[in-house]
2 protein chains.
Amino acid sequence: MTVSFDSTNVLSFMNSSELDNISEFVKQAHHQIHQQTGPGSDYLGWVDWPINYDKEEFDRVKLAATRIQQQSDALVVIGIGGSYLGSKAAIEALSHTFHNQIKGNTEVYFAGHNISSTYIEHLLQVLEGKDVSINVISKSGTTTEPALAFRIFRNFMEKKYGKEEARNRIYVTTDQSKGALRKLAGEEGYETFVIPNDIGGRYSVLTPVGLLPMAVAGLNVDQVMDGATAAYHKYNDPNLATNASYQYAAVRNIFYNKGKSVELFVSYEPGLHFVAEWWKQLFGESEGKDEKGLFPASVNFSTDLHSMGQYVQEGRRLFFETVLQIKHSSIERIIQEDPDNIDGLNFLTGKTMDDVNKKAALGTTLAHIDGGVPNLLIELDELNEFTFGELVYFFEKACAISGTLLGVNPFDQPGVEAYKKNMFALLGKDGFEKEKEELENRLSTLG
Amino acid sequence: MTVSFDSTNVLSFMNSSELDNISEFVKQAHHQIHQQTGPGSDYLGWVDWPINYDKEEFDRVKLAATRIQQQSDALVVIGIGGSYLGSKAAIEALSHTFHNQIKGNTEVYFAGHNISSTYIEHLLQVLEGKDVSINVISKSGTTTEPALAFRIFRNFMEKKYGKEEARNRIYVTTDQSKGALRKLAGEEGYETFVIPNDIGGRYSVLTPVGLLPMAVAGLNVDQVMDGATAAYHKYNDPNLATNASYQYAAVRNIFYNKGKSVELFVSYEPGLHFVAEWWKQLFGESEGKDEKGLFPASVNFSTDLHSMGQYVQEGRRLFFETVLQIKHSSIERIIQEDPDNIDGLNFLTGKTMDDVNKKAALGTTLAHIDGGVPNLLIELDELNEFTFGELVYFFEKACAISGTLLGVNPFDQPGVEAYKKNMFALLGKDGFEKEKEELENRLSTLG
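Thresholds, definitions, all that
- Here the residue numbers are simple positions, counted from 1 along each chain's written sequence.
- Here every chain gets a letter starting at A, and every ligand a number starting at 1, in the order they are written.
- The model is predicted, so local features are restricted to residues of pLDDT at least 70 and side-chain atom pairs to those at 80 or more, both for listing and for counting; the totals for chains, interfaces and linings are taken over all residues.
- Side-chain calculation: all heavy atoms of the structure are included, whereas hydrogens and water are not.
- By the criteria applied, helices consist of DSSP H or I runs no shorter than four residues and strands consist of E runs no shorter than two, each listed in order from the N terminus.
- Note that the radius of gyration is over C-alpha atoms, with the globule rule given as 2.2 Å times the number of residues to the power 0.38.
- The buried label applies to any residue whose accessible area, calculated with a 1.4 Å probe on protein chains only, is under 20% of its type's maximum; exposed applies above 50%, and partly exposed to all values in between.
- In what follows, residue pairs with any heavy atoms lying within 4.5 Å of each other are defined as contacts.
- Areas reported here follow the Shrake-Rupley algorithm with a probe of radius 1.4 Å; residue values treat only the protein chains shown as occluding.
- Here a polar contact is taken to be a pair of N or O atoms separated by no more than 3.5 Å, where protein atoms must pair a possible hydrogen donor with a possible acceptor and residues adjacent in sequence count only if both atoms sit in side chains.
- Accessible area that two parts lose when put together, with a 1.4 Å probe and added across both, is what the buried area reports.
- The salt bridge criterion pairs a side-chain nitrogen of Lys or Arg with a carboxyl oxygen of Asp or Glu, the two atoms within 4 Å.
- Here the nonpolar core consists of buried residues drawn from Ala, Val, Leu, Ile, Met, Phe, Trp, Tyr and Cys, with membership extended through side-chain atoms lying within 4.5 Å.
- By definition, two strands form a pair when at least two bridges between them are found by DSSP.
- Interaxial angles span 0 to 180 degrees and are taken between N-to-C directions of axes, which are lines fitted to C-alpha atoms, for helices over the stretch in contact.

### A short note on the overall build of chain A
Alright, step 1. On a plain count of helices and strands, chain A comes out with 16 helices and 10 strands.
Alright, step 2. Taking 2.2 N^0.38 as the reference for a compact globule, 447 residues should give roughly 22 Å; the C-alpha atoms of chain A span a radius of gyration of 23 Å, in line with that estimate.
Alright, step 3. Reported as C-alpha extents along the three principal axes, the dimensions of chain A are approximately 60 × 60 × 55 Å.
Alright, step 4. Counting only residues that meet the buried cut, chain A has 65% of its 447 residues in that class.
Alright, step 5. For chain A, the proportion of contacts with a sequence separation of at least 24, taken over those separated by at least 6, is 77%.
Alright, step 6. By element, 46% of the accessible surface of chain A is carried by carbon and sulfur atoms, the whole surface being about 15100 Å².

And the structure:
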């Protein structure tokens, strides 16, 4: 994994001394994180996780995955936010593009990440006639979206299989000791996995939260953890000059201070779409507070060069780009000569599709630099489980440093409660009577 | 279809006189568009299209769709940008969530919208053993992405079916008279449909570009056009006070002038994801030029309330939200009582999922207003073909007015060429020798 901030793409937009100028602050942020003295230090379990994770539980995750593959045609993963984005990102990036349609694969579906009756009804239809297992992922067990979906699917499973057999097909990832889901799992005897107390949702992809669905989809989770461990050692260095993860954090900070307000995550493989979504939660939720933070957005090029490309080239200069590039595609196609050459593309004969994709990327980078868009490049040699694990830890570490530099608590998310409180009040939940009255007054006088 | 800009969500962030103050400019923009006197007036064919479209061709679209449904298990739609986003948006919004996995449906796949060898290889794998038809959509026939995909699929079809039968299965949507694809279609005798000269890609969803794939997916394209026609009459009124489409344009313009730089498109149904992508191209490509324009971004709530929600609630106050809400869900589920009430959600017993989704939306709107985010609300009574057609025209008209108010040419996209020029030079295309030399010098001195 290499990260480049060379003169081609970044240094024409900043002085190299700007990095030097904040290197001591980066060192300070590093120490705050490693010595647990900064804001949010109760949520630093992810830092040493690649070397400290529970190996016995990790083996149970793999065994459970094998059992699910044997017992079922499809796994339904119930979770929202950090409880689904990590595994979704991994599966989309590393599995077959049409994973659920390929014979022999254990299909993986997500639920409990929306409140759409259409979605859940359609999901139940596509599961008809299939053997199903469930992995419900929720720290508390009371988050509305997954709790509603789990009500429906628990009922579905008990009707389909009877209470006894349903118990063998429901897997619970939750708090070690507290909460509604832990209690239910104890009573019912569901197999359980732990969401560690000191790891927040957006940092949980390398725990059973992410690993069990990945393993069921057929991904090699040993290699995911090996990649994360390699990154743990690689990005454990307080020196900005030699730590690429911290360099990414520092450059983000520099462009933010220069007035950029949006970071645009760019990839050239459709399978990376949900890596961008995972990245958005990681950075947006960590930094978007106290009226601060880069607004995280994403595009899939070259697809979106034909939709958002015009804006990126010539619209308001609000942003810089962070390009995730895969150096070597594992699948290749050579472009054939066409005798008629009607499309005029015979000059590509003998090149690979990936050659063309890479030249599109390079051409785009150069065009965007000319258009005033600074361009960070993060390159993976290949896209596989190892580099996915590496990339996850690279971003996690960068996010912690970046948020600390910004002066926020990178590990809380106080703003997520605001809509829930209103929703509960509007729905008449016990204990929200006062809020309900206030909101109804507000709506009636304003409406 | 209703659009609300009431005091609850917008007017606490602006004075009502601000709308009055620009009403004459809106009228002027209206006249420039209807009298074809503004910038880009060669591309106004979409304005009268809902009443002027070629009815004979429209009938041929429907016949071709029926023939494709009869002859094939799957249709591959080859196109990029405006040649795929409209039909993709319609199919995702209006068909089954798992359309391609439901027996009896004609599967619809997209290709030629990326340069990923992985994607195309996986697509060929999922098509194995299936009967296939192709709809290639390109004005010129030489745009790299779809042209490369069409090379591969034309070859695939001729190998699978022989040249003769392949001809019966390839449908071409292209320029009326010019270009490589028109020429090839003439020589091979493919059935063709026209991309009108005076309608740009991002405005083409109501032409055969969008309609043929929609019809193959089983959508009622008569109703799509009926909805567009209704919107044509509804939004044909130069008065800001009575034209909701123009009000949307005006409010965007007002918030832009107040310093907002991002518009966040929000929906609460997962199926609307690609409506947002289509909307991003429409507005981003129309307005993102001359270093101007709102940056278009999108989220799917409540899903993304657990990822981007923190930023939206408490991050930098860069944006306003435009919420697309569906008043009545066509599919409903009543929430059942749970005897144990372990998740504490029994207070929802007897309510529908959609009730909860709507209260989540209302609670979110109120929370975001409290957080300083102005909130526009666009409501469709139901989500169906008619309202989709209506919505498309609503946005098209609003975009034309909005771009005209901004002082740009809303109908060109000069910036899209920049990456192509570099890409062709880097790939060694004839005629780009000078650019190639320049780029290579630049890369060698800087790299």
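### A short note on the side chain of asparagine 409 of chain A
All names here are of chain A.
Alright, step 1. Locating asparagine 409 in the fold gives a position in the loop between helix 14 (385-406) and helix 15 (417-426).
Alright, step 2. Of note is the side chain of asparagine 409, whose polar atom sits 3.5 Å from the backbone nitrogen of aspartate 412.
Alright, step 3. Here asparagine 409 is in contact with Pro39, Gly40, Ser286 and Lys289, once residues within four sequence places are set aside.

### Things to note about the interface of chain A and chain B
Interface size is commonly expressed as the accessible area that is lost once the parts come together.
Alright, step 1. Across the boundary between the two partners, chain A contributes 131 residues, which contact 131 residues of chain B.
Alright, step 2. Both faces considered, chain A and chain B share a buried interface measuring about 11200 Å² in area, 64% of it formed by carbon and sulfur atoms.
Alright, step 3. By the criterion of area lost to chain B, the three top residues of chain A are Arg151, Phe295 and His306 of chain A, representing 8% of everything that side buries.
Alright, step 4. Connecting chain A to chain B are 8 salt bridges.
Alright, step 5. Between arginine 333 of chain B and glutamate 121 of chain A there is a salt bridge whose closest N-O contact spans 3.1 Å.
Alright, step 6. Our enumeration of links across chain A and chain B arrives at 54 residue pairs in polar contact (both at pLDDT 80 or more).

### A closer look at the nonpolar core
Alright, step 1. One finds Phe153 and Phe295 of chain A together with Phe295 of chain B to be the most contacted residues of the largest nonpolar core, which totals 134 residues.
Alright, step 2. A per-element tally of this core places helix 6 (residues 144-167) of chain A first, with 10 residues.
Alright, step 3. Among all residues touching phenylalanine 153 of chain A, those that are not within four sequence positions of it are Val76, Ile78, Ala111, Ile120, Leu123, Leu124, Leu127 and Ile134 of chain A.
Alright, step 4. Among the nonpolar cores identified, the runner-up in size contains 92 residues, and Leu85, Val108, Ala217 and Ile401 of chain A belong to it.

### Digging into the pattern of salt bridges
Working definition: two side chains of opposite charge can pair if their charged atoms are close together.
Alright, step 1. Taken as a whole and judged by the stated rule, the model has 70 salt bridges over all chains.
Alright, step 2. When the shortest N-O distance is used, the salt bridge between lysine 258 of chain B and glutamate 18 of chain B registers 2.9 Å. Here glutamate 18 of chain B lies in helix 1 (residues 16-34) and lysine 258 of chain B lies in the loop between helix 10 (244-257) and strand 7 (262-267), a separation of 240 residues in the sequence.
Alright, step 3. Residue class for glutamate 18 of chain B comes out buried when judged on its relative accessible area of 18%.
Alright, step 4. For the salt bridge of glutamate 390 of chain B with lysine 234 of chain B, the shortest nitrogen-to-oxygen distance reads 3.5 Å. With glutamate 390 of chain B in helix 14 (residues 385-406) and lysine 234 of chain B in helix 9 (residues 221-234), the pair connects residues that are 156 residues apart, well separated along the chain.
Alright, step 5. On the accessibility criterion, glutamate 390 of chain B (6% relative accessible area) is buried.
Alright, step 6. Among the charged side chains, a salt-bridge network with shared partners connects Arg154, Glu158, Lys163, Glu164, Arg167 and Glu188 of chain A together with Asp340 of chain B.

### Re unusual backbone geometry
Alright, step 1. Residue phenylalanine 301 of chain A is joined to serine 302 of chain A through a cis peptide bond whose omega torsion reads -5°.
Alright, step 2. Examined against the element boundaries, serine 302 of chain A turns out to sit in the loop between strand 8 (295-300) and helix 12 (309-314).
Alright, step 3. We note that asparagine 341 of chain A has phi near 50°; this positive angle belongs to a residue other than glycine.
Alright, step 4. Within the secondary structure, asparagine 341 of chain A sits in the loop between strand 9 (319-326) and helix 13 (353-370).
Alright, step 5. One non-glycine residue with positive phi stands out, namely glutamine 36 of chain B, at about 55°.
Alright, step 6. Its location among the elements puts glutamine 36 of chain B in the loop between helix 1 and helix 2 (45-52).
Alright, step 7. We classify glutamine 36 of chain B as partly exposed; its relative accessible area is 46%.

### A few points about the sheet that holds strand 4 (residues 132-137) of chain B
Residues and elements named next belong to chain B.
Alright, step 1. The strand order across the open sheet formed by 5 strands is 3-2-4-5-6, and the pairing between neighbours is parallel. Each of the sheet's edge strands pairs with one partner strand only, and the pair in question is strand 3 (107-111) and strand 6 (191-194). Neighbour to neighbour, the strand axes of the sheet diverge by 20° on average, direction disregarded.
Alright, step 2. Bridge count between strand 2 (residues 74-78) and strand 4: 5 bridges; the pairing is parallel. Note that in strand 4 the partner of alanine 74 across the bridge is valine 132.
Alright, step 3. Strands in contact with helix 3 (residues 55-71) are strand 2, strand 4, strand 5 (170-174) and strand 6; relative to strand 6, the strand with the most contacts, it is inclined by about 135°.

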